[in-house]
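Here is what each chain is made of, one letter per residue.
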Amino acid sequence: MSTPDYKTMTTAEIREDFLKFFEGKGCKLYPSSSLIPDDPSLLLANAGMNQFKEYYQGTKTMKEIGACSCQKCLRTNDIDNIGDARHLSFFEMLGNFSFGGYTKADAIAWAWEFCTSPEHLGLPADRLYMTVFEDDDEAIELWHAQGVPYDHISRLGAEDNFWAAGPTGPCGPCSEVYFDQGPAFEGEKPGDDGDRYLEFWNLVFTQYDRQEDGSMPDLPHRNIDTGMGLERIAAIMQHEGSNYEGDVLRTLIGVGEQLSGKAYHHDKATDKSLRILADHSRAVSFMIGDGILPSNEGRGYVLRRLLRRAVYHGRLLGIKGEFLTTYFHEVQRLLGDVYPELIENKALIEGIMVAEEDRFSATLDAGEESLKAELEKLPDGARLSGEVAFKLHDTYGFPIDLTREIAANAGHAVDMDAFDREMNAQKERARATANRDAWGNATTVWVALSDTLPETEFVGYDVDSLDGCKVLAIVRDGEAVSSAKVGDKVEVVLDRTPFYGEMGGQVGDTGKLGPARVTNTLHHEGGIVGHEAEVIDGPLQVGDVVRAAVDHGRRELIRRNHTATHLLDAALKQVLGDHVSQAGSLVAPDRLRFDFTHFEAMTKDELERVEGLVNAEIFAAEPIVTRVMGLEEAKASGAVALFGEKYGDVVRVVSTGDSDAPFSRELCGGTHARNTAELGFFKIVSESSVGSNARRIEAVTSAGAIEYVDERLAMLDEAAATLKCRPTDVPGRVSQMRDELRDARKKVSVAKGAATGDVISAALKNAADLGAYRCVFASVQGVSGKDLRSVWDSIRDGANGEPIACVIASTTADNKVALLAAGTDGAVAAGFAAGDVIRQIAGIVGGRGGGRPNMAQAGGSDPSKVDEALAAARTAVGA
């Protein structure tokens, strides 16, 4: 084996060296943003540029010359390709960025320096190739100035080397850096489909602003956006030809080898499954760690699909039982020092993985049963419908590979053309949702105002009203206006305000603002607070100085309920475990709602313990202590941070009590009670599911709790009066009445059974003789559709083994119709078809139904047509 002509570096060394290099050039180092992007047009963070969008748009400015980061990214548009040597779902993207700070020439010079300098990657210059946009002569000369020969620079078209935010807007040429892996790999030139020339760094020069007429004037300032796939450069620096051969992913492949007892590079199917497990286990670890929970839509669906695909490939490898947490522990070991959320959210990640594995194993079993039932219906050699295969995939998450394997074992192929059509239609629906213009919201009135107005100063922690507030802007119907008259509904911007804008689950304040009534308060771009208001007393103009007064009573109720959510969060963690994390909330004046991660319904005992802990803190009359401190200091103090929430360098920490270990301590910008005693008492109203791994508690405090208890006492008094007993005797009286009702129903059932038995006996005697079998036609009263099956059992038993069939109609207790047709094997062999009979007569009684030849049922709404339906049944069978 030849000696490598460049050094070896680990993934961790490359990451650290890249970030230090660009910090040394004057770029500010930013931590990776969450996989949950701030941008509502994006499903998941998929590029390093995502967190810098506002700088690109010019709505924010940066004092440094640029930025650098290592961004967590997740892309699933080609999930079916994951498992080959190249594609990944989760990856780390090294990037350096400029927003008018440094130039295209700088970006190219620094890229060349980092790639070739022995102090950094030290790649051989003769193995590096560049591609540029076909018209970008500037980039060619800039690369050549660094010493790149012209024959190592290729021109490519817009499809490969031009980036655009959309049909209009920011755009510009790209330049890509390729590494020549040598003649052992297929490929003739950079940009072809082979693997010889491997692209590992893309430099995007966003310098134009494309107009609707196609013209492209220069942007006010040029932007630089580069991205280097860490897994890809790691494979290069470790002298490997595949992303999966780099140290991180190869280590995770080793976990699969240990769990399955199968070796990597043994056969293609095993290799693919081992790669998928390595990729998907890392992806789901990071997704859950960033607060994404499995669901049937959005990013939660992506998580569930990746997790289930991993479980399926574990089954293919013969791995028994739960295994994903074993992968997670290795992901945590490899990457936890860089991404502390993997450590901080360990309990949650493990809990979600175990719960989803258990659930999907049961789902796989159910899907397999459903598939086998469909296969039993097929004639020998017939193809399984592609629509059925897609339904199994979409409803059960049942993998198409498994469907094809089971079908093949049963002697059937799958109509893959129809399946692919259904899959493509689904992808188009998803693409239509996901590919919204990520830059389209940049032209709203609030973005324009954020360029000229300062951030609104919030003073509402200390006061509920304030004189001398200046009106800076008025927005009506999406446009900035200079004044508003009586009756106008507007949003008003002040220089400072006591009104809290809706955020973090807490509803916005209401009240009075000069001559206007404020109905809600909202946050907008650039830290601007908008007061939704209706002018009710005289005009309002930009420049007016007004008094702003929050509805004090409403604000006090909101304060108490917000503090209660903190106490509830802490109590849930104590009772249920550290996996509990807030997944959403509503803090309103009359109630609070708290969503949290948990895997099963809470028991009565758990709810009572949580309620007791919260009330103990309320009765302890602990002061609510608020401190402002640095983010790292706050985390070190044990303050709880919310998933997906972005915090600045300085944060507000809210604690119950002033001890070193308070009952609750959270990062929070909301308004709170001054003392827990202000909450009065806390009462849980309900606990319910809001998804497979999330629960919801609704509760009340103070005035809301009193109102809730008063309502329940009033209902108890009313029930006692109706039952003619004392309130304390209501449960016993209800239990007594329930037993009496059950006894009465038994007596009625016995009487009905006797009456029905008489009807059936008579009908058996008068059964129509159809030659090869007899058929009973009967009408009964008060028998449910379910119990009609018992009637059929009686008829069949009464026939003493002779071929027999029946058509029975019942007028049920709720004045509906239940129909049943059934026949023994002998009757069916002689031509009786229960499903056909029911389909012909169900419409007569206003219903529909069907079934198999030996039994079918239907319901209906018109009991007056029962005799007509039975007559039609006679005709249908030729009686």
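Owing to the predicted nature of the structure, the values given are computational and were not obtained by experimental measurement. (Residues numbered from 1 in each chain as written. Predicted model: local features only at pLDDT ≥ 70, side-chain atom pairs only at ≥ 80, totals over all residues. Heavy atoms only, no water.)

## A word on the pairing of strand β14 (residues 489-494)
Judged by how many residues are buried, β14 sits mostly within the fold: 5 of 6 residues are covered. Judged from the 4 bridges that link them, β14 and strand β18 (residues 529-535) form a sheet pairing that is antiparallel. Residue pairing for β18: K489 is matched across the bridge by E534. (Buried < 20%, exposed > 50% of the residue type's maximum accessible area, 1.4 Å probe, protein only. Helix = DSSP H or I, 4+ residues; strand = E, 2+ residues; numbered from the N terminus. Pairing = 2+ DSSP bridges.)

## Concerning the side chain of K104
The topology assignment puts K104 in helix α3 (residues 104-116). Side-chain polar atoms of K104 contact the side chain of D136, separated by 2.9 Å. Within the local environment of K104, its side chain forms a polar contact with the side chain of E138, the two groups lying 3.2 Å apart. The contact partners of K104, leaving out residues within four places of it in the chain, are D136, E138, A139, L142, P173, F205, Q207, R222 and I224. (Polar contact = N/O pair within 3.5 Å; in protein donor to acceptor, adjacent residues only side chain to side chain. Contact = heavy atoms within 4.5 Å.)

## Observations concerning the pattern of salt bridges
Applying the stated criterion across every chain yields a total of 44 salt bridges. For R383, the salt bridge goes to D415, with nearest N and O atoms at 3.6 Å. Placement of the pair is R383 in the loop between α12 (346-376) and α13 (386-396) and D415 in the loop between α14 (400-409) and α15 (416-434), with a sequence separation of 32 residues. In the salt-bridge network here, residues are joined through shared partners; they are D464, D509, R555, E556, R559, R674 and E678. (Salt bridge = Lys/Arg side-chain N within 4 Å of Asp/Glu carboxyl O.)

## Concerning the environment of V447
Along the polypeptide, V447 turns up in helix α16 (residues 445-452). Residue classification places V447 among the buried residues on the basis of a relative accessible area of 8%. Once the C-alpha coordinates of V447 and E54 are considered, the two residues, 393 residues apart in sequence, prove to be 9.8 Å apart.

## Side note on α16
Residues of α16 that are buried: V445, W446, V447, L449 and S450. On its buried face, α16 sits against β11 (465-476), β12 (479-481), β14 and β18.

## Concerning the nonpolar core
Judged by nonpolar contacts, the single largest core of 110 residues is most densely connected at L123, W143, F200, W201 and I233. Excluding anything up to four places from it in sequence, L123 contacts Y6, C115, T116, L128, F179, F200, I233, I236 and M237. Ranked by size, the runner-up nonpolar core spans 25 residues in total, among them A768, A805, A827 and V866. (Core = buried A, V, L, I, M, F, W, Y, C linked by side-chain atoms within 4.5 Å.)

## Examining the sheet that holds strand β25 (residues 665-667)
Adjacent strands of a sheet form backbone hydrogen bonds with each other and so pair up, either parallel or antiparallel. The strand order β23-β24-β25 describes an open sheet built from 3 strands, whose pairing is antiparallel. Edge positions in the sheet fall to β23 (624-630) and β25, since each has one partner strand and no second. Strand after strand, the sheet turns through a mean of 25 degrees between neighbouring axes, direction not considered. Here strand β24 (residues 650-656) runs beside β25; their pairing, made up of 3 bridges, is antiparallel. Across the sheet, the residue bridging to V653 is L667, located in β25. (Axes fitted to C-alpha atoms, helices over the stretch in contact; angles between N-to-C directions.)

## Focus: the pairing of strand β27 (residues 694-701)
The buried count for β27 comes to 6 of 8 residues, which makes it a mostly enclosed element. One ladder, built from 6 bridges, connects strand β22 (residues 592-597) with β27; its direction is antiparallel. Looking across to β27, one finds that L592 is bridged to A699. Here 7 bridges tie strand β26 (residues 682-689) to β27, and the two strands are oriented antiparallel to one another. Looking at the pairing, E687 lines up with I697 of β27. Between β26 and β27, which follow one another and run antiparallel, lie 4 residues, and G691 among them has a positive phi close to 150 degrees.

## Here we look at the packing of aromatic side chains
Under the definition given, this model contains 25 aromatic pairs. Taking the centre distance of 5.1 Å and the plane angle of 90 degrees together, the rings of Y30 and F52 count as edge-to-face. You can see Y30 sitting in strand β1 (residues 27-30) and its partner F52 sitting in the loop between β1 and α2 (53-57), a full 22 residues away along the chain. Ring centres of F286 and Y339 lie 5.1 Å apart, and the angle between their planes is 85 degrees; this geometry places the pair in the edge-to-face category. (Phe/Tyr/Trp six-rings, centres within 6.5 Å; stacked < 30°, edge-to-face > 60°.)

## Notes on the sheet that holds β26
In space, the 4 strands of this open sheet follow the order β21-β22-β27-β26, with antiparallel pairing throughout. Strands at the two margins of the open sheet, each flanked by one partner only, are β21 (582-587) and β26. Going across the sheet, the axis of each strand differs from the next one's by a mean of 15 degrees, ignoring polarity. Of the strand pairs in this sheet, β21 and β22 are connected by 5 bridges, and their pairing is antiparallel. Bridging across to β22, L586 finds its partner in R593.

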